[in-house]
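A closer look at the structure
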Amino acid sequence: MLRYILSRFGQSLLLLLIVSFIGFAVLNLAPGGPLSQFALSPGMTQEQIDKIAAQMGLDRPLIVQYFDWLRHMLVGDWGTSYRDGQPVLHVIGSHLFATLLLMGTATSISITLGSTIGIFSALRRRSVFDYAMTVASMVALSIPTFWFGLIAIYIFALNLGWLPAGNMYTVGDGSVLNYLKHLIMPACVLALVDVAVWSRYMRTSTLNVINQDFVRTARAKGLTRRRVLFKHIVGNSLVPMITLAGLQLPMVLGGALVTETVFTWPGMGRLFLDSLGYSDYPVVMGLLMASAMLVLIGNLAADIAVALIDPRIALE
Amino acid sequence: MTAATTTPPVRQPLIKSRALRRFLSHKLAMIGLFMVLGLTFACFVGPYLLPYDELYIDLRARFAPPGTGGHIFGTDPLGRDLAARLFHAGQISMAVGFAVMVIATTVGSVVGVVSGYYGGKISAVLMRVVDAFLSFPSVFLLLALAAFIQPGPVMIAVIISATSWMEVARIVEAEVKSLRNQDFVQAAHMLGLSGRWIMFRELLPNAIGPIIVAASLTVARAILLEAYISFLGYGIQPPLPSWGNLLNGAQQYLGSAPWLAIVPGLAITIAVTGFNFIGDGLRDAFDSRAQGQ
C-alpha cells in the first residue's frame, strides 16, 4: 500500500513539473509576454522596456528563466503582484477560502442530489423517470453556467427578491445566516453541471453493482430490498465515484471562475479575471499553477482514498 | 457484373450502413439534428428575412421589448435588432465550433495514433503531456492564452483547440492500442508497409467511430467555451457579434431588459444540446454495431 501511495505521489510530482513548464511556456511565449503592460503606457521607449527586461532577468534564455522561476516557486517565493506589490502567495491565499467554500458547498449538493438521482435511475431502469433524467442531464450539461446564473439572479433576486444577487456577505452583517443566503444561489448554479455528470456515472456504477453475485446472495438470504440497497449497493457503487470527484475538479474549478464573476464572489476566479485585466502577470501565473496543483492534489487524494477502501487496486 | 446477377436476390435495405440506420432511428439524435439544422438555417438564412440590418442603430427604439416594432427578439441598448445580431453571432459561434472540431480532432487523432502505435517511451511522454493539459481547468488556461493574443475568430478557434484536443487523443490512443496487435496490422507489417501508412491508412480508419463521436461532442464543448470567454470579454471582440459577447453586457440590464440575457443564452443552450444529443446518438449507433458483430 505504501509503495502504491509513494508511486502515485511520484507520478503527481512529475506531472506537476510538466504542468509548470507548460504554464510557464504558454505565458512567456505569448505575443506581448510579461512586459506587454509597459508597452502600452505612453512615453515608454523600447530602450526603457529593454532595461526593465534586463533588470527583471527577462532577457535571458527561456529555459534559464524557467529554472530560476522554478527554484523560487519551490521555496515559496511566487513573486510579487504588479498591482499592489503584495506577495503572490499571500494574494492567492486570501482568495482561497471563498473559492473552496463555494466549491465545497456545490460539490456536496451535487454528490447528494446526483447520487440519489443516479441510484433511482438505475433501480428503475428504462422507466419514464430514467429517460427524463437522461435527457435532463444532457440539457443541464449544455447550459452555460454563467447564463444559468444570470437567469437565477433574474428570477430569485430581481423578481422574487428572496436572495441577494451577489457578494459573499452584507457589509456590517457577519452572521452565518447572512453568509448562507449569499452562498446558496451561486453554489446551486455551480452544482448544476456536476449533478448531471454525477447522476450519469452513479447510474452506470449502480447498474454494475446490482448485477453482481453478492447482491443476489444478499437478496437470497432474505434481506429486505431496503437493507440490500443501503448496505450493499449504495456503498459499493460510491467507490468509483471518489475517482470521479477528483477528475471533475478541473471542471468545477473552471465553473467556479465564471460563477464567481456573475455573483461577484471574492474568490480565485474573480482574482484571476481582475489580474488578467491589469496584466498582473505574476498573479495570473500563480493562479494557473495553484489551480493545477489543486487538481493534482485532488486526484492524488481520490486515488489514495480509493486504494484505502479497496486494497485490491493498490496491488494491480 | 454477371456474378452479381447469379447471387440469390437479397432485399437490400434503403440505407446500407447499419450504424447510419441506428443513428437515424435514435430519437434524441434526430431531435438534436433538427435543433442544429434549424438553428443553422435561422443563422444563415434568417438575416435575409428580417426587416432590420444587424448594424442599424435606431436610438428611438432602444430597449424595445420582443415583438414590438418588427423586432421579434427586441432591441439592445443602441436600438439594434437583437434577432439580426443573434443570427450573425450564430454564424461566428458555429464557425468557431466547427473550426475547433477540425483542428482539435486532427491534433488529437495524430497524437493518439502515434502514441498508441509506437507505445513505450514515446507514448509515455505524449500521454503525460495530455495529462498535464488536462490538469489545468480549461477556462483558466483559455483565458490566460486569450488575454495575451490578438483575439480574432481564427485565433480564438486555435486556442480553444489547444485546450480541447486531449480527450480525442486519449480515445484514439486507447483504440489504437487495442487494434495494434490484430492480424491485419501484422499483415501490413509483413507486407513491409511504412509506419506512417499503417497508422493513417490501417489503424486510424478503424478507429473512426469513436473519433466521430468525440468530434460531435467537441463542437458542443467549443461553442460553450467560446461563449464563456467571450462573455468574460476575452473572446470574440465587438463589433463582431458572438453568442458569448452578446451576453457580455446583458447582466447590467437584467432588470430592465431581461431578453438581452435570455435570448442569446437560449440559442447557446439549443445549439450545445443539439450537438450533445447527436453525439449521444452516434455513440449508440457505433456501439450497437460493435455488439452486433
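Residues numbered from 1 in each chain as written. Chains lettered and ligands numbered in written order. Predicted model: local features only at pLDDT ≥ 70, side-chain atom pairs only at ≥ 80, totals over all residues. Heavy atoms only, no water.

1. Things to note about the overall build of chain A
Helix and strand content of chain A: 13 helices and zero strands. Order of helices (α) and strands (β) in chain A, N terminus to C terminus: α-α-α-α-α-α-α-α-α-α-α-α-α. Judged by the C-alpha coordinates and their principal axes, chain A covers about 85 × 55 × 35 Å. With 316 residues in all, chain A has 47% of them scored as buried. For chain A, the proportion of contacts with a sequence separation of at least 24, taken over those separated by at least 6, is 72%. A total of about 16,000 Å² of accessible surface is found on chain A, and carbon and sulfur atoms cover 66% of it. (Helix = DSSP H or I, 4+ residues; strand = E, 2+ residues; numbered from the N terminus. Buried < 20%, exposed > 50% of the residue type's maximum accessible area, 1.4 Å probe, protein only. Contact = heavy atoms within 4.5 Å. Areas by Shrake-Rupley, 256 points an atom, 1.4 Å probe, with all protein chains shown as cover.)

2. As for the packing of aromatic side chains
Evaluated as defined, the whole model comprises 11 aromatic pairs over all chains. The interplanar angle of 65 degrees and the centroid separation of 5.2 Å between the aromatic rings of Tyr66 of chain A and Phe67 of chain A together place this pair among those described as edge-to-face. A relative accessible area of 48% places Phe67 of chain A in the partly exposed class. Taking 4.8 Å as the distance between ring centres and 50 degrees as the angle between the ring planes, the aromatic pair formed by Phe272 of chain A and Phe140 of chain B counts as tilted. Note that Phe272 of chain A is positioned in helix α11 (residues 268-277) and Phe140 of chain B in helix α6 (residues 138-147), a pairing that runs across two chains. An identical accessibility class is assigned to Phe272 of chain A and Phe140 of chain B; each is buried. Members of the aromatic cluster, connected to one another through ring pairs, are Phe21, Phe24, Tyr66, Phe67 and Trp69 of chain A. Positioned above the aromatic ring of Trp197 of chain B, the side-chain terminus of Arg201 of chain B is 4.7 Å from the ring centre. (Phe/Tyr/Trp six-rings, centres within 6.5 Å; stacked < 30°, edge-to-face > 60°. Lys NZ or Arg CZ within 6 Å of the ring centre and 35° of its normal.)

3. Some words on the interface of chain B and chain A
The interface is formed by 41 residues belonging to chain B together with 44 residues belonging to chain A. Between chain B and chain A lies a buried interface of about 3,800 Å² when both sides are counted; carbon and sulfur atoms form 83% of it. It is Phe136, Phe140 and Phe148 of chain B in chain B that bury the most area against chain A; as a group they hold 21% of the surface buried on that side. At the junction of chain B with chain A, the criterion picks out five residue pairs in polar contact (both at pLDDT 80 or more). Elements with a contribution of two residues or more to the side of chain B that touches chain A: α5 (120-135), α6, α11 (208-231) and α13 (259-292) of chain B. For the side of chain B that touches chain A, the element with the most residues is α13 of chain B, which contributes 11 residues. Looking at the side of chain B that touches chain A, its residues break down into 31 nonpolar, seven polar and three charged. (Buried area = accessible area lost by both parts, 1.4 Å probe. Polar contact = N/O pair within 3.5 Å; in protein donor to acceptor, adjacent residues only side chain to side chain. Nonpolar A, V, L, I, M, F, W, Y, C, P; charged D, E, K, R; others polar.)

4. Section: the UniProt feature "transmembrane region" (unreviewed entry) in chain A
Residues and elements named next belong to chain A. UniProt's entry tags residues 12-30, 96-123, 135-159, 179-198, 233-263 and 283-309 with the feature "transmembrane region" (unreviewed entry), counted in the numbering of this structure. End C-alpha atoms of residues 135-159 are separated by 29 Å, and the span's content is 92% helix alongside 0% strand. In residues 233-263, helix accounts for 97% and strand for 0%; the two terminal C-alpha atoms are 39 Å from one another. (UniProt positions renumbered as here; feature names shortened; annotations may be inferred.)

5. Describing helix α10 (residues 195-206) of chain B
Residues and elements named next belong to chain B. The terminal C-alpha atoms of α10, which comprises 12 residues, lie 16 Å apart, in line with the 16 Å expected from a rise of 1.5 Å per residue. Residues of α10 that are buried include every one of Ile198, Met199, Leu203 and Leu204, and no others. For α10, the angular spread of buried residues about the axis comes to 140 degrees, placing them on one side. In this structure, the buried side of α10 is in contact with α4 (82-118), α8 (166-179), α9 (183-190) and α11. (Expected span 1.5 Å × (residues − 1). Arc of directions from axis to C-beta.)

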